[in-house]
Amino acid sequence: MTADCYDMEKEGAMLINLLKKLAAFISLLLFSAFSWAMSFESDIEFSFNDERFSGRFRYDRDKVRMDVKDRHGNEETIILREDTHTYWFIGQNKTYNEIAMKHTIAASTGIVGQHIDPAKVQRHFMGVATLDGRTVNKYRVIIDSYGTPVEFIEWQWPGQPVPLKVATPEGNSVIEYKNVLFRPQEYYRFQLPKGLKKTTFRMPKKRTGKA
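Residues numbered from 1 in each chain as written. Predicted model: local features only at pLDDT ≥ 70, side-chain atom pairs only at ≥ 80, totals over all residues. Heavy atoms only, no water.

As for the overall build of the protein
The line we're drawing: Put simply, DSSP marks the helices as runs of H or I at least four residues long and the strands as runs of E at least two long, and each gets a number from the N terminus on. Note on exposure labels: buried denotes an accessible area under 20% of the residue type's maximum, exposed denotes more than 50%, and partly exposed covers the range between, all computed with a 1.4 Å probe on protein chains only. Contacts are assigned to residue pairs that have any heavy atoms within 4.5 Å of one another. Accessible surface area values rest on a Shrake-Rupley calculation with a 1.4 Å probe, where residue burial reflects the displayed protein chains alone.
Across its full length, the protein carries two helices and 12 strands. When the helices and strands of the protein are placed in sequence order, the string is α-β-β-β-β-β-β-α-β-β-β-β-β-β. The proportion of buried residues among the 211 residues of the protein is 36%. Here the analysis covers contacts within the protein between residues at least 6 apart in sequence; of these, 41% occur between residues at least 24 apart. Accessible surface, the protein as shown: approximately 14,100 Å² in total, 55% of it carbon and sulfur.

Next up, the structure:
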């Protein structure tokens, strides 16, 4: 074999190896994008004004379901439907409340999916932190929610699309996502079960100052 032939064969082998690595890299990117395009579910723990809740969280682009209970064992299902701009609160007594959605799912949960317009999201790096033994990136996120800016703090594990933790800047509301599993979610989970009775939230009447 001549030196020229040897050099050409060597260059060909290097090119093949490079193409293999490139193909593997592209496959990884496609897998990551495809996984995030899919739905996911996870365990969830969150607190609001010192009240703590835990349960199961399910996400499907413009729909969310949370099956949670408080520290006293009271259970509730919360369904967010961005496609219909509706919140449903389902209690244990076969009743539910329905209210109009005031904030987007991204603003309510801190989950910013790829379908969200990047122009509506500002992300500012705050530094590196340690959370549950993991080195994570900490961000201040401002997202447009139906014309209103909503701000929250996010703890993101590099390479993972779902944040480990989300909190309001004041710290009075905190959400943690654990054991994330990417998988399709059944549509029926985001629908109202049959046989429920609708009730309404009643706002307290304003005092007039008269006896």
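Next comes the rest of the account.
Some points on the sheet that holds strand S7 (residues 121-131)
The strands that make up a sheet are held in pairs by hydrogen bonds between backbone atoms, and each pair lies either parallel or antiparallel. Rules: Only strands that DSSP links by at least two bridges are regarded as paired with each other. Axis definition: a line fitted to C-alpha atoms, over the contacting stretch in the case of helices. Angles run 0 to 180 degrees between N-to-C directions.
Spatial ordering of the open sheet is given by S7-S8-S9-S10-S11-S1-S2-S3-S4-S5-S6-S12, a layout of 12 strands whose pairing is mixed. Looking at strand neighbours, the two that pair on one side only are S7 and strand S12 (197-199), the edges of this open sheet. Averaged over neighbouring strand pairs, the angle between their axes works out to 25° when direction is ignored. Two elements, strand S2 (residues 51-60) and strand S3 (residues 63-70), share eight bridges in a ladder whose sense is antiparallel. Paired with Asp60 across the bridge in S3 is Lys63.

Here's the deal with the pairing of strand S1 (residues 40-48)
Both S1 and S2 contribute to a ladder of nine bridges, which runs antiparallel. Within the sheet, the bridge partner assigned to Phe40 lies in S2 and is Tyr59. Between S1 and S2, which pair antiparallel in sequence order, lie two residues; one of them, Asn49, sits at a positive phi of approximately 50°. Judged from the eight bridges that link them, S1 and strand S11 (residues 173-182) form a sheet pairing that is antiparallel. Paired with Asp43 across the two strands is Lys178, which belongs to S11.

Considering the pattern of salt bridges
We count it as follows: Salt bridge, as used here: a side-chain nitrogen of Lys or Arg that lies within 4 Å of a carboxyl oxygen of Asp or Glu.
Throughout the structure, instances matching the rule amount to 13 salt bridges. Linking Arg58 and Glu41 is a salt bridge whose minimum nitrogen-to-oxygen distance equals 3.1 Å. With Arg58 in strand S2 and Glu41 in strand S1, this residue pair connects regions lying 17 residues apart in the sequence. Assigned by exposure class, Arg58 and Glu41 land together as buried. In this structure, Arg56 and Asp43 form a salt bridge, with 2.7 Å as the shortest nitrogen-oxygen distance. In this pair, Arg56 sits in strand S2 while Asp43 sits in strand S1, placing the two residues 13 residues apart along the sequence.

Let's talk about the environment of Ser47
By the element assignment, Ser47 lies in strand S1. Owing to a relative accessible area of 13%, Ser47 belongs among the buried residues under this scheme. Linking Ser47 and Asn172, residues 125 residues apart in sequence, is a C-alpha distance of 7.5 Å. Among residues more than four places away in sequence, those in contact with Ser47 are Arg52, Asn172, Ser173 and Val174.

Digging into the packing of aromatic side chains
Just so we agree on the cut-off: Any two of the Phe, Tyr and Trp rings considered here, Trp counted by its six-membered ring, make a pair once their centres fall within 6.5 Å; the pair's planes then place it as stacked at under 30 degrees, edge-to-face at over 60, or tilted in between. Sitting over a ring, as applied to charges here, requires NZ of Lys or CZ of Arg to be within 6 Å of the ring centre and within 35 degrees of the ring normal.
If you walk through the whole model with that rule in mind, you get seven aromatic pairs. Relative to Phe57, the ring of Phe40 lies with its centre 5.9 Å away and its plane at 35°, an arrangement referred to as tilted. You can see Phe40 sitting in strand S1 and its partner Phe57 sitting in strand S2, a full 17 residues away along the chain. Phe57 carries the same exposure label as Phe40, and that label is buried. A centroid spacing of 6.0 Å and a plane angle of 55° characterise the contact between Phe40 and Phe182, whose relative ring orientation is tilted. Residue Phe40 is found in strand S1, and its partner Phe182 is found in strand S11; the two are separated by 142 residues along the sequence. Its relative accessible area of 0% is what places Phe40 among the buried residues. Through a chain of ring-to-ring contacts, three or more aromatic side chains come together here, namely Phe40, Phe57, Tyr59, Tyr177 and Phe182. Residue placement shows Arg123 over the ring face of Tyr139; its charged tip is 5.6 Å from the ring centre. In this structure, Lys165 packs its charged tip against the face of Trp155, placed 4.7 Å from the ring centre.

Examining the pairing of S11
Strand residues, when the strand is regular, have side chains that alternate between the two faces of the sheet. Pairing analysis gives three bridges linking strand S10 (residues 165-167) to S11, with the strands arranged antiparallel. When the sheet's bridge partners are listed, Ala167 is paired in S11 with Val174. Linking two consecutive strands that pair antiparallel, namely S10 and S11, is a turn of five residues; a positive phi of about 85° is found at Gly171 within it.

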